[in-house]
Amino acid sequence: MADVIGSALKRHEDVRLIRGKGQYTDDIKLPGMLYAGIVRSPHAHARLVKVDVSRALKMPGVVAAFTGADLKDEVGFIPTAWIPPDSEMKMTPHPALAVDMVRYQGDGVAVVIAQTPAQARDGVDAVEVEYESLPAVTNPFAAAQEGAPLVHEDIAGNVAFHWKVGGDVEEIFNRAEVVVRQEFRQQRLVPNAMEPRSAVAQWNPATEELTLWATTQNPHIHRLLMSGILGIPEHKLRVVAIDVGGAFGSKISCYPDEIIVSWAARRLNRPVKWTETRTENFTVTSHGRDHVQEVALAGTKDGRIEAIRVKTYANLGAYLSTAAPGVPTILFGLIVNGAYAIPQASAEVYGMLTHTTPVDAYRGAGRPEATFLVERMVDLYAKAHWPRR
């Protein structure tokens, strides 16, 4: 062990990757492979009046085109995998392709499958979609206000869940010698991995088995969720993750695109590949963070912190993604006292739905937000009462 600590260690994977010998999902080529392109909404919130794929079906090389109506009876809703305790969570039915309503810019409304990627893109451009644009809300705090547009009609106030941890700290704040308050906006961010997301699905009709190659960080969770969504037993479903090409959490989620190509491969009995464009990466790969927070810290005049209180409006986007509810609750709320000896802490979280891309884990997932928050509050506490001389 003494020889290892402090020594330069050779990395095993680097030589293969820097010599171009990596294998990514988009590198996979299978006999008879088809390529999928997804028609995406330019609106954050709109009613689908018409989705007409007839023109696309006449385009050169186009093999098939499907809408949400084609999938809805065969494909289940995409669920969330993390339900925080005592949160009374309201589920958001998430179809792989929108049927009646689009709820964020980039929401898929149809898929075109063709002989080549270029033909699939041309087919996407030929699909005719008529939208009825509706009011949208994108800020999590604004979404909680009376009269805000609803993301889902059956979820009042756009509150997917309300979660609280910690004791009652009101008495501490009422008698505290020093109280500092601050509002924070933990801004939304967009992951940007080296390799965009990709999925290749192959169906074996003889054994009724599906193999999916995907840019995923957790193939076992994918298999579990996809089994329920597609109605395929887990032992008949294989999810393969080869070289992922960067992720930082953005390839944890079970995405609609992977469900669409899996269903299409089974429907057409041919392998189907989909690889997102960089524009799709920006708009539909799960975003990170986006919290509005009201924070207060109480202490004494001699610098002893007594309590911290945090109220968070966490933007979850239009649907609850795979691990999204756990990020602002378990991963964030339980560490708001950071590395300090703070005897009392209270964290309250409103999981808010908005007309934005769903949010999920990203690089640290809740921990960076909590660390920034508590360190900033301690700075404000120190600066307000012990300014540098």
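Please read all numbers here as calculations on a predicted model, not as lab measurements.

## Examining the sheet that holds strand 3 (residues 62–67)
Here's step 1: The sheet built from seven strands is open, its strands ordered 3-5-1-12-9-10-11 with mixed pairing. Looking at which strands have only one partner, the edges of the open sheet turn out to be strand 3 and strand 11 (237–240). The average undirected angle you get between the axes of adjacent strands in this sheet is 20°.
Here's step 2: Relative to strand 12 (residues 272–275), strand 9 (residues 198–204) runs antiparallel, the two being bridged by four bridges. Within the sheet, the bridge partner assigned to Ser198 lies in strand 12 and is Thr275.
Here's step 3: Against the sheet, helix 8 (residues 256–268) contacts strand 1 (34–40), strand 3, strand 5 (108–114), strand 9, strand 10 (209–214) and strand 12, and its axis sits at roughly 30° relative to strand 9.

## Notes on the environment of Asn174
Here's step 1: Summarising the element assignment, Asn174 is placed in helix 6 (residues 170–175).
Here's step 2: By relative accessible area, Asn174 is classed as exposed at 66%.
Here's step 3: Between the alpha carbons of Asn174 and Arg185 there is a distance of 26 Å; along the sequence they are eleven residues apart.

## Things to note about the environment of Gly364
Here's step 1: Tracing the backbone through its elements, the reader meets Gly364 in the loop between strand 15 (344–352) and helix 11 (367–385).
Here's step 2: Owing to a relative accessible area of 32%, Gly364 belongs among the partly exposed residues under this scheme.

## Section: the pattern of salt bridges
Here's step 1: Tallying each qualifying case throughout the model produces 15 salt bridges.
Here's step 2: Arg55 is the salt-bridge partner of Glu128, the closest N and O atoms lying 3.8 Å from each other. Of this pair, Glu128 sits in strand 6 (residues 128–133) while Arg55 sits in helix 2 (residues 54–57); the two residues are 73 residues apart in sequence, bridging distant segments of the chain.
Here's step 3: Of the residues examined, Arg55 reaches a relative accessible area of 45% and is grouped as partly exposed.
Here's step 4: When the shortest N-O distance is used, the salt bridge between Asp290 and Arg185 registers 2.8 Å. A residue pair is termed long-range when its members are at least 10 positions apart, and Asp290 in strand 13 (residues 288–299) and Arg185 in strand 8 (residues 178–189) qualify at 105 residues.
Here's step 5: When its relative accessible area of 2% is taken as the criterion, Asp290 is described as buried.
Here's step 6: Of the residues examined, Arg185 reaches a relative accessible area of 44% and is grouped as partly exposed.
Here's step 7: Put simply, Arg40, Arg197, Asp257, Glu276 and Glu280 are held in one network by salt bridges that share partners.

## Structural notes on the packing of aromatic side chains
Here's step 1: For the structure on display, the rule yields six aromatic pairs.
Here's step 2: Relative to Trp263, the ring of Phe66 has its centre 4.8 Å away and its plane inclined at 85°; by these criteria the two rings are edge-to-face. Here Phe66, found in strand 3, pairs with Trp263, found in helix 8; they are 197 residues apart in sequence, far enough to count as distant.
Here's step 3: We classify Phe66 as buried; its relative accessible area is 7%.
Here's step 4: A connected cluster of aromatic rings, assembled from ring pairs, spans Phe141, Tyr313 and Tyr350.
Here's step 5: A cation over a ring is seen here: Arg266 above Trp203, with NZ or CZ 5.7 Å from the ring centre.
Here's step 6: Above the face of the Phe173 ring, Arg309 is positioned so that its terminal group lies 4.2 Å from the ring centre.

## Regarding the pairing of strand 15
Here's step 1: Of the pairings in the sheet, the one linking strand 7 (residues 159–166) to strand 15 comprises seven bridges and is antiparallel in character. In the strand pairing of strand 15, His162 is matched with Tyr350.
Here's step 2: Taken together, the nine bridges between strand 14 (residues 305–315) and strand 15 define a ladder with parallel strand orientation. Note on strand 15: the bridge partner recorded for Lys311 is Glu348.
Here's step 3: Where the polypeptide runs from strand 14 across helix 10 (residues 327–333) and back to strand 15, its parallel neighbour, the crossover connection is right-handed.

## Some remarks on the sheet that holds strand 14
Strand-to-strand pairing in sheets goes through backbone hydrogen bonds, with the strands running parallel or antiparallel.
Here's step 1: Here five strands make up an open sheet; going across it, the order is 7-15-14-13-8 and the pairing mixed. Looking at which strands have only one partner, the edges of the open sheet turn out to be strand 7 and strand 8. Strand after strand, the sheet turns through a mean of 10° between neighbouring axes, direction not considered.
Here's step 2: Contacting strand 8, strand 13 and strand 14, helix 11 runs over the sheet at an angle of about 145° to strand 8.

## A look at unusual backbone geometry
Here's step 1: With a phi angle near 60°, Asp86 is a residue other than glycine that sits in the positive phi range.
Here's step 2: When you line up the elements, Asp86 lands in the loop between helix 3 (68–71) and strand 4 (101–102).
Here's step 3: Accessibility expressed as a relative area gives 74% for Asp86, which makes it exposed.
Here's step 4: Positive phi values are uncommon outside glycine, yet Ala365 reaches one of about 45°.
Here's step 5: For Ala365, the position within the fold is in the loop between strand 15 and helix 11.
Here's step 6: What makes Ala365 buried here is its relative accessible area of 7%.

What counts, and where the lines are drawn
- Residues numbered from 1 in each chain as written.
- Predicted model: local features only at pLDDT ≥ 70, side-chain atom pairs only at ≥ 80, totals over all residues.
- Heavy atoms only, no water.
- Pairing = 2+ DSSP bridges.
- Helix = DSSP H or I, 4+ residues; strand = E, 2+ residues; numbered from the N terminus.
- Axes fitted to C-alpha atoms, helices over the stretch in contact; angles between N-to-C directions.
- Contact = heavy atoms within 4.5 Å.
- Buried < 20%, exposed > 50% of the residue type's maximum accessible area, 1.4 Å probe, protein only.
- Salt bridge = Lys/Arg side-chain N within 4 Å of Asp/Glu carboxyl O.
- Phe/Tyr/Trp six-rings, centres within 6.5 Å; stacked < 30°, edge-to-face > 60°.
- Lys NZ or Arg CZ within 6 Å of the ring centre and 35° of its normal.
- Right-handed = clockwise from strand over helix to strand, strands pointing away.

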